[in-house]
Structure formats: C-alpha cells, structure tokens
Amino acid sequence: MKFFAVFAVVAALATCQANTIQQLPTNTGLQQDFEDFLALVPVDDLVKLGVDYLMNDKEFQATFAYLQGTEFAKVWEKFFKVKEVKEVLKFVEDAGLDVFAFLNEFGHFFNLPPVNPIHSRRGTGLTGFVNDALALLPKDKLVALFEEKLQTSPEFKALYEKLTSAEFNTLAQNFLNSKEVQGYFQTLKEHGVDVVKVFQLVKEFFGWHYPNMKFFAVFAVVAALATCQANTIQQLPTNTGLQQDFEDFLALVPVDDLVKLGVDYLMNDKEFQATFAYLQGTEFAKVWEKFFKVKEVKEVLKFVEDAGLDVFAFLNEFGHFFNLPPVNPIHSRRGTGLTGFVNDALALLPKDKLVALFEEKLQTSPEFKALYDKLTSAEFNTLAQNFLNSKEVQGYFQTLKEHGVDVVKVFQLVKEFFGWH
C-alpha cells in the first residue's frame, strides 16, 4: 500500500509538470502538499536527462517510438477497460487525487485517446442514471437539513405545510388517477422514461411511502434544486428566506459529480442515448404540449405556484434544454369576458391587507383623510346620485353593456368583494 501511495505522489508530480497541479487535488490543502513535494524535485535536471536519453540512447528512442505508435494506442485503450484497473482508478479518484488528469496529460503527450473518469455507472437507461445519481447524494445530510429547515425557517415550513395539506393531497391523487396523465406516462415509458419508476426510486432512496404528501413536498425541493443548476435560483422561490433555504440544500449536492455521471451515460449508454434523442424530438414535443393542457396537471401546477415555488421556471429550463415550447403559468381564469376578468382579478388582491392599510391611512395621513372626507360628503353623494340617475349616462351604460362592458356589474363586484353597502 505504501508503494501505491508514493506512486500516486509521483504521478501527481508528473502532472504538476504539465501545469495541471491546480486541477489535481480536490482541496487546497492537498494542492499545497503537492507543491511542497514539487519544490524538492530538480525539474530542470530531470528534463535535461530526458532530452539526453532521447537524443543519444537508441534503446530509449525505440521505447519512445513504440509509445507514440498505433500498437501501444490499442494496448492503452484495452488496458483501461480491465475491471481491476477501473476499480483502482476509481478508488484513487475518490480518495481526492485526479488521477485522470495525470493519465490524460501523459496520453496527450503521446497522442493517445483520453481516459474517461469512472463514475459508478452501474445501470442503463434513465432509471439507471437516476439510481446512480441518487447514490451520489449525501442522503443523511439532506434529510438532516430538511428537518432543520422545518424548525428554523418559517418560509420553508409554510411551503412544506402547503405541499403536505389535504387540499394538495387531493390534487395529487386526482393527478395520479387521471386517465390522460396515465396515458402520457405510458407513452413516456415506451420510450425509456418510466416516470412512476423514477418516483419509486426516489421514494426507496429516502425510505418514504408512496404516494404520500411528504414525498411530493420533498420532490418539489429536488425539482427546485435542478432549476438552481440552470442559474435560476434567484427566480425560483418568491421570497429571500426560501432562496437561502434552497441555496443551503444546493450546497450539499455534488453537482460536478452529477454532471460527470450524466456525460458518462450520454457518451457510453445506448439506452440512455435513445431516451435523450426521444426527448429532443418532435414526438415528445407534442406530448409535452398536450400534457400541460390536462386539467389535473394544471391544478397541481397552480397550487405549487401559489405555494411560493416557481415551478414554471423549472419546467421551462428543462424545456429550453430540449428545445420544447414554453409552459405558461396558470392564473385561475375562472370566468369569461370583462366581468370574469374583474372577478378573477379581485380574487388575486390581498383584501385584508388593503382594508387594513385603508384604515391606517385614515388615521395617519391628513391628505388621505381629507380626500376621503370629500368623497363621502353629502355634496359628492348628491352629484353621484345625479350621475347614476342621468338618462344620458344610463344610455351610455346600456351601449357599453351591449358590447361586454357592464359598468354597473363591475361596480357591484367591487362592492361585494370589499363588503361595502
């Protein structure tokens, strides 16, 4: 074992000479350690010695020529496919030494094909990728942070409570039981995207019962983290408290390792490549558009958005990556025409806060109080009655009503909303 440790140092020093010392260790402490070793190595003398051998020693020249030839290139490629070789390299990499940087610097010098890092690609297809990606996550730390946030972050707890409410559970059940949703899930499964299986893998990883509300709550967090990686974390939560919470979760995610794993699957797994190609194609684009028109899907998305999580940012980042059409937010358009718009617009207003601010202004703002007094005076009341009783005004109101502008109805809606007499 001592030999392997020293060999790792020697390999690192060789890499350092190729100006890659800053890439080699995975922490600054190791970097300094290797620089200390390097300071003791007579680099110039070693280079001169190598040039001397290359210029004057025929046996060395023959070896050098072999290392540059096609025969050795074939040996090089086959060697790194051996199971035991891959196991050693994976262990050394996990120990904190970027052995692949050394190998590829050596390979580059002799025009050899690159050696790809090993990222525990144990499965195949999308489910294999998800399984391997989950294995990279620090589960205990994520769960501990989740529990901590429930105790320390009012914003995160509020989001959690909304996503674990009976109301959301009903929406989730409707979503899962929808024949249309199940049909789209089946279509995706036939092309390697087994949505139910992916949910099952996540559930088993965290040890949750499925389907349950806690699963959906945490899955929303996972989706948000994915969005964070698309540089949209600042758009994702609707308040700064949640933003900090998501950044704390993100700090625990080994993003670089997940990216490397994805590249490994994309470069080497044919099943994953086929799924990826399907997601980029026109057939999936049609499924994507139709899926978000399903009533149960829109209801779930609307609820999650109202809970404070911009799920549409996540969906559109995913869609942008695969050149899919955007998914538009849902704004509870329940009615039709101008009166429907006014009704839905009023539903979006924070009535209690508006009323409270109104009462406050009457107490604290002389200018607002003076305006209010004028608009509630007997003089203005007489003018308003004359206005409403005018035959000409009523005629114009009737003309507007025939074209969808029911002024009286709009006034009535506003009055009812605020509870005025």
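Rules and cut-offs
Residues numbered from 1 in each chain as written. Predicted model: local features only at pLDDT ≥ 70, side-chain atom pairs only at ≥ 80, totals over all residues. Heavy atoms only, no water. Helix = DSSP H or I, 4+ residues; strand = E, 2+ residues; numbered from the N terminus. Buried < 20%, exposed > 50% of the residue type's maximum accessible area, 1.4 Å probe, protein only. Contact = heavy atoms within 4.5 Å. Areas by Shrake-Rupley, 256 points an atom, 1.4 Å probe, with all protein chains shown as cover. Salt bridge = Lys/Arg side-chain N within 4 Å of Asp/Glu carboxyl O. Axes fitted to C-alpha atoms, helices over the stretch in contact; angles between N-to-C directions. Parallel < 35°, antiparallel > 145°, perpendicular 65-115°, else oblique. Left-handed = near helix turned anticlockwise from the far one by under 90°. pLDDT = per-residue confidence, 0-100. Patch = residues over 30% accessible without salt bridge, like charges linked within 9 Å, V, L, I, M, F, W, Y side chains within 5 Å.

## Observations regarding the overall build of the chain
Inference 1: Looking only at helices and strands, one finds 26 helices and zero strands in the chain.
Inference 2: Burial statistics for the chain: of 421 residues in total, 36% are counted as buried.
Inference 3: At a minimum sequence separation of 6, the contacts of the chain that also span at least 24 residues come to 65%.
Inference 4: Roughly 26,500 Å² of accessible area belongs to the chain as shown, and the carbon and sulfur atoms make up 59% of that amount.

## Side note on the pattern of salt bridges
Inference 1: Inspection of the entire model under this criterion finds six salt bridges.
Inference 2: Residue Lys295 is joined to Glu299 by a salt bridge in which the shortest nitrogen-to-oxygen separation is 2.9 Å. Of this pair, Lys295 and Glu299 both sit in helix α19 (residues 295–306), four residues apart, which is roughly one turn of that helix.
Inference 3: Look at Glu299 and you get partly exposed, because its relative accessible area is 26%.
Inference 4: Of the charged contacts, one joins Asp306 and Lys302 as a salt bridge, the two residues approaching to 2.4 Å between their closest N and O atoms. In this pair, Asp306 and Lys302 are both assigned in helix α19, four residues apart and thus about one turn of the helix distant.
Inference 5: Asp306 sits in the partly exposed class, given a relative accessible area of 48%.
Inference 6: Lys302 sits in the buried class, given a relative accessible area of 12%.
Inference 7: Connected through salt bridges with shared partners, the residues Lys149, Asp245 and Asp248 form a single ionic network.

## Regarding the packing of helix α8 (residues 125–136) against helix α13 (residues 195–206)
Inference 1: Following both chains from N to C, one finds α8 and α13 inclined at 20 degrees, their axes separated by 10 Å at the closest point. Here α8 is positioned roughly parallel relative to α13, judged by the angle of their axes. For the pair α8 and α13, the crossing hand works out as right-handed. On α13, the residues touching Thr127, Val130, Asn131, Leu134 and Ala135 of α8 are Lys197, Val198, Leu201, Val202 and Phe205.

## Observations regarding the confidence of the model for the chain
Inference 1: Across the chain, the average pLDDT comes to 79, with 81% of residues at 70 or higher.
Inference 2: The low-confidence segment residues 13–26, where pLDDT is below 50, has 33 contacts with residues more than four positions distant or belonging to other chains.
Inference 3: Low pLDDT (under 50) marks residues 226–238, which in the prediction has 31 contacts with non-local residues, meaning those over four places away or in another chain.

## Things to note about a nonpolar patch on the surface
Inference 1: Among the surface-exposed residues, Leu46, Val47, Leu49, Val51, Tyr53, Leu54, Met55 and Phe60 lie close enough to one another that they form a single nonpolar patch of about 730 Å² accessible area.
Inference 2: Among the elements that take part in the nonpolar patch, helix α3 (residues 43–56) stands out by supplying seven residues, more than any other.
Inference 3: Secondary-structure assignment places Leu46 in helix α3.

## Digging into the side chain of Thr275
Inference 1: Tracing the sequence through the fold places Thr275 in helix α17 (residues 270–279).
Inference 2: The exposure class of Thr275 is buried, given its relative accessible area of 4%.
Inference 3: Once you skip the residues sitting within four places of it in the chain, Thr275 turns out to touch Leu126, His191, Gly192 and Val193.

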